[in-house]
Number of protein chains: 2
Amino acid sequence: MLSKARIKYIKSLQVKKYRQSEQRFVVEGAKSVLELLGSDFVAETVICTQEFINLNQPTLKRYSGEVLEVNESVLSDLGEFRTNDSALAIARMKPNNKVQVNPDEFALMLDDIRDPGNLGTIIRVADWYGISKIIASEDTTELYNPKVIHASMGSFTRVAVYYTELTNYLQVAAVPIWGTFLDGENVHTMDLGKGGIIIIGNEAHGISENIEKLVTRRVTIPRFGRAESLNAAVAAAIICDNLRRGK
Amino acid sequence: MLSKARIKYIKSLQVKKYRQSEQRFVVEGAKSVLELLGSDFVAETVICTQEFINLNQPTLKRYSGEVLEVNESVLSDLGEFRTNDSALAIARMKPNNKVQVNPDEFALMLDDIRDPGNLGTIIRVADWYGISKIIASEDTTELYNPKVIHASMGSFTRVAVYYTELTNYLQVAAVPIWGTFLDGENVHTMDLGKGGIIIIGNEAHGISENIEKLVTRRVTIPRFGRAESLNAAVAAAIICDNLRRGK
C-alpha cells in the first residue's frame, strides 16, 4: 500500500520545482521503466502491478531498490499519463556533467527547444542515429519533465544532455558548427565531414542571432513543396539521416 | 463585441461532436489564419485584434466574410491555445473527397495515427516535400482537431486528407505500396521508383496485420544506435527526404 504522503510526494515530482529540490524524477510505463533499470541511472523505487512483477522477474532480481505492488487504478492515478497501467519508477537525477565533442563525432545542440514532446523526440532520434551527446541551452525544456521522458521512449538513458550557456561553449569548440538555414549548402549533396555540432533552433524563432554568428557551416534541407519550415525534431532527424547515410 | 452565445459556439467547436454537426472548425494564430484566407477553404468569420487588421489590410480586403475585432485577452480565452493573441477564424470543413494516387506521384497513408501533434506534423512534412495527398484510416485522428491544425502550421490548406477504410483502398490501388519495417530494403540504397503509397503505422503498434499483407515494398530506415523505433512523423519525414533526394 502507498501512504497518502508517498502519493503526494510522487505527484509533487510532476512539478519542476519539486524535482529540482528533491533531485528525483518519475519514469512511467513498462518500456521506459525497464530501460531505466538497465541503465546507469539510480532507480530508488519501482511501483508496479503484480503482472509487471511476474513478467520481469530477471530484471527485478538484479535491481536492489524498493518494489511496491499496486493495482492498475492506483498506478494510472499516480503519474502524468493516465494510460500507464503497468509500472512507474522514481530515479535520481544525474549531475549536469559537461560533455566534450570530439572531432570524429557528431553531437546535437539545442538552442531553446521549448516543447517537451520535441525534446523527447530529438533524444530518441539522436539515440537511433548513434549520437550520444546533446548540448542544450539553459532555456531548453528540462530533461526530467515527464513529457520529455515519455516522448524519448527510453532513449534518455543512453543520450547525455548537458545544459549550459551556448555561446561560451561554442567559442571554445574545435569542431565544425552546423546550423540549418534557408540559404545554406544542400544537405543532400554537401561534403558532410566526420564530426561537428549540429544546432537545432527554437520552434518559433529558429537559431538565435548570437549563436548564428558562430555557425561555420550553413546547411539547408531542400524543400520540394510549400511549407515554410519543418518541425524541430523532424529537421534534426533529417540532418542525422543524411550524416549517417554517407555518400 | 462577441455575444455570450457566440463565445459558447466557438468554444463548442473544440469538441469533435460539435465540429461534426456544425461542419465548421477553428483555425488559431496569425500565420494559420492568413494561410486559411489564402486557400480554397471557406472562412466565415475572422476574430482578431486591431493590430492584426492593420498589418493585414490587403488580405482582409480580398476576404468577403465577417471580421470581428476583439482585444488580446478575449482572443486568448477563446481558443484552445492560450498563446494565440492575434487572430482566430471559423471555417467550413471540406467534404471527404476521395483522392487517387497516380503512378508518378507519392502519397502518404496513415494507419491509425492517434496523436494530433503527429498528424499535424506529418501534414507539414508532406507539404514540405511536395506531397499533396494523404489517405487516412477511419481511426486516425480527425484533421480538424485544433491541435492537428496548429501543428500543421498552415499546411492543412495544401494537403488533402481523405479518410477511408484502408484495405479496400489498397486492394484496387495500382501503385507500389510501401511499408516501413525492421526487415525491409535499406531506404538509403534501394531503387525508389517514381511513385507509390507510403504507409505510416500507428505510434504504438506499427502497421496493422491486414495492411501489412498488402505491402509490396518493405522498407527499412537504417539504425546506427539503440533506440527501438522512431516517432511516426520522424519516420515519414526520413522516407520523404530519401524519396526526393534522388540517387
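Residues numbered from 1 in each chain as written. Chains lettered and ligands numbered in written order. Predicted model: local features only at pLDDT ≥ 70, side-chain atom pairs only at ≥ 80, totals over all residues. Heavy atoms only, no water.

Points about unusual backbone geometry
Only a minority of non-glycine residues have a phi that is not negative, and only a minority of peptide bonds are not trans. Residues and elements named next belong to chain A. Quick reminder of the rule: In this description a helix means any DSSP run of H or I spanning at least four residues, a strand means any run of E spanning at least two, and both kinds are numbered starting from the N terminus. Here's how the labels work: a residue is buried when its accessible area is under 20% of the maximum for its type, exposed when over 50%, partly exposed in between, all with a 1.4 Å probe on protein chains only.
Its identity is not glycine, yet aspartate 112 carries a phi of approximately 70°, on the positive side. Along the chain, the position of aspartate 112 falls in the loop between strand S5 (106-110) and helix H7 (116-128). With a relative accessible area of 16%, aspartate 112 lands in the buried category. Look at methionine 153: it is not a glycine, yet its phi comes out positive at around 55°. Among the secondary structure elements, methionine 153 is positioned in the loop between helix H8 (146-151) and strand S7 (160-163). Methionine 153 sits in the partly exposed class, given a relative accessible area of 27%.

Focus on the domain arrangement of chain A
Residue and element names in this part refer to chain A. Using the following cut-off: Where a domain begins and ends is set by an automatic assignment or by a domain database. Here, two residues are considered to be in contact whenever any of their heavy atoms come within 4.5 Å of each other. Joining two parts hides part of their accessible area as seen by a 1.4 Å probe, and the buried area is that hidden amount summed over both.
Split into domains, chain A comes out as domain 1 (4-92) and domain 2 (106-245). Taking only C-alpha atoms, the centre of domain 1 and the centre of domain 2 are 30 Å apart. Residue-level contacts link 17 residues of domain 1 with 12 residues of domain 2. For the pairing of domain 1 and domain 2, the buried interface totals around 1300 Å² over both sides, and the portion due to carbon and sulfur atoms is 62%.

Some details on the sheet that holds strand S1 (residues 24-28) of chain A
Residues and elements named next belong to chain A. What counts, and what does not: Any two strands with at least two DSSP-identified bridges between them are counted as paired. Comment: axis = line fitted to C-alpha atoms, over the contacting stretch for helices; angle = value between 0 and 180 degrees taken between N-to-C directions.
The mixed open sheet is built from four strands, whose spatial order is S1-S4-S2-S3. The open sheet has two edge strands, S1 and strand S3 (66-69), and neither has a second partner. For this sheet, the mean inter-axis angle between neighbouring strands, taken without regard to orientation, is 15°. One ladder, built from five bridges, connects S1 with strand S4 (residues 87-92); its direction is antiparallel.

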